[in-house]
Amino acid sequence: MKKEGALKAPLFILYFNIKMDQTKVKNVVNEALSLNESLYLIDFVISENNKIHITVDGDNGAPLSECIRISRSVNDNFDREEEDFSLEVSTPDISHPLKVKRQYLKNINRILKVKTSIEDFEGTLVEVDEDKIVLNWKAREPKPIGKGKVTVSKAATIAYKDIIEAKVKIVF
């Protein structure tokens, strides 16, 4: 029964976007990656609005078919009606810095630009181990005696902990 003169209040429906369980999603991604041991995780982010961004790479690259397989694995393990998420699986862009030690192994014999807090280096990556990388390059320096310059080989051993940023130099 409706009273005359009663105030009508608008109906508000609140929508709470529940953030996905990051651990659960990462476990699904790691399980998908374990099916191909040459693949590894570079980056994994779930934003506040449940946009999942996964970046993977492989020792010999990561083909599109593997990105699709990982995407399907995540999609098959979560219900979009309940979780309401978007998903992007990609490989690292050439312009992005190296983040994982396995990326350095993949880029042996390529030219890297490496920034440290002390100095910037540019040279050919010749060695990679658990703690450090080694770059080689040639430089022109004044002769010790007399006029002119001489080409000398240089090397730098850089610990991973000292690297601020390392990028592969694109050579055409």
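The rules we used
Residues numbered from 1 in each chain as written. Predicted model: local features only at pLDDT ≥ 70, side-chain atom pairs only at ≥ 80, totals over all residues. Heavy atoms only, no water. 1 Å grid on protein atoms, 1.4 Å probe; cavity = no way out; pocket = protein on both sides within 12 Å on 5 of 7 lines; lining within 4 Å. Points joined across faces, edges and corners; volume = space filled by probe spheres on them. Helix = DSSP H or I, 4+ residues; strand = E, 2+ residues; numbered from the N terminus. Nonpolar A, V, L, I, M, F, W, Y, C, P; charged D, E, K, R; others polar. Salt bridge = Lys/Arg side-chain N within 4 Å of Asp/Glu carboxyl O. Buried < 20%, exposed > 50% of the residue type's maximum accessible area, 1.4 Å probe, protein only. Axes fitted to C-alpha atoms, helices over the stretch in contact; angles between N-to-C directions. Parallel < 35°, antiparallel > 145°, perpendicular 65-115°, else oblique. Left-handed = near helix turned anticlockwise from the far one by under 90°. Contact = heavy atoms within 4.5 Å. Pairing = 2+ DSSP bridges. Expected span 1.5 Å × (residues − 1). Polar contact = N/O pair within 3.5 Å; in protein donor to acceptor, adjacent residues only side chain to side chain.

S.K.: What's the story with the layout of surface pockets in this structure? I'm lost.
M.R.: Empty pockets left among the atoms are what a rolling probe the size of a water molecule brings to light. In this structure, the largest pocket occupies an estimated 190 Å³ of space. Surrounding the largest pocket, 14 residues form its lining, Asp-57, Pro-92, Ile-94, Lys-106 and Asn-107 being those nearest its centre. Estimated volume of the second largest pocket: approximately 150 Å³. For the second largest pocket, the full set of lining residues is Ile-42, Asp-43, His-53, Thr-55, Ser-90, Thr-91, Pro-92, Asp-93, His-96, Pro-97 and Lys-99. Broken down by secondary-structure element, the contributors of at least two residues to the lining of the second largest pocket are strand E1 (39-46) and strand E2 (51-58). When the residues that make up the lining of the second largest pocket are grouped by side-chain class, the tally is 3 nonpolar, 5 polar and 3 charged.

S.K.: Please clarify how unusual backbone geometry should be interpreted in this entry.
M.R.: It is generally the case that most residues other than glycine have a negative phi and that most peptide bonds are trans. We note that Asn-50 has phi near 65°; this positive angle belongs to a residue other than glycine. The residue Asn-50 is located in the loop between E1 and E2 in this model. In the Ramachandran plot, Asn-109 falls in the positive-phi region, its phi being about 75° despite a non-glycine side chain. Mapped onto the elements, Asn-109 comes out in the loop between helix H4 (101-106) and strand E4 (111-116).

S.K.: Honestly, the pattern of salt bridges in this entry has me stumped. Any pointers?
M.R.: Between side chains of opposite charge, pairing is possible as soon as their charged atoms come close. Counted under the stated rule, the structure contains 10 salt bridges. For Glu-165, the salt bridge identified is with Lys-115, shortest N-O distance 3.8 Å. Here Glu-165, found in strand E8 (residues 163-168), pairs with Lys-115, found in strand E4; they are 50 residues apart in sequence, far enough to count as distant. Taking relative accessible area as the criterion, Glu-165 reaches 25% and is therefore assigned partly exposed. Taking the shortest distance from any N to any O, the salt bridge between Asp-129 and Lys-132 comes out at 2.4 Å. Look at Asp-129 and you get partly exposed, because its relative accessible area is 27%. For Lys-132, a relative accessible area of 28% corresponds to the partly exposed category.

S.K.: Which parts of the structure should I look at to understand the packing of helix H1 (residues 22-34) against helix H2 (residues 64-77)?
M.R.: Geometry of a packed helix pair, given as the angle between the helix axes and the separation of the axes. At a closest axis distance of 9 Å, the pairing of H1 and H2 adopts a crossing angle of 140°. Regarding the angle of H1 to H2, the classification is oblique. Considering how the two elements wind past one another, H1 and H2 form a crossing that is right-handed. Contact residues: Val-28, Val-29, Ala-32 and Leu-33 in H1; Arg-69, Ile-70, Ser-73, Val-74 and Asn-77 in H2. Grouping the amino acids of the contact of H1 with H2 by side-chain chemistry returns 6 nonpolar, 2 polar and 1 charged.

S.K.: Quick question: what am I supposed to make of the pairing of E4 here?
M.R.: What you see with E4 is a clean split: Leu-112, Val-114 and Thr-116 sit on the buried side and Ile-111, Lys-113 and Lys-115 on the side with no burial. Remark: 3 residues form the turn of the hairpin made by E4 and strand E5 (residues 120-128), two consecutive strands paired antiparallel. Bridging between E4 and E8 involves 5 bridges; their strand directions are antiparallel. Residue pairing in the sheet places Lys-113 in a bridge with Lys-167 of E8.

S.K.: Looking at this model, I keep getting lost on H1. Mind explaining?
M.R.: Every α-helix carries 3.6 residues per turn, so stepping three or four residues along brings you back to the same face. Look at H1: 18 Å from first C-alpha to last across 13 residues, which is about the 18 Å you get at 1.5 Å a residue. Residues of H1 that are buried make contact with E1, E2 and H2. With a side-chain oxygen lying 3.1 Å from the backbone nitrogen of Thr-23, the N-terminal cap of H1 falls on Asp-21.

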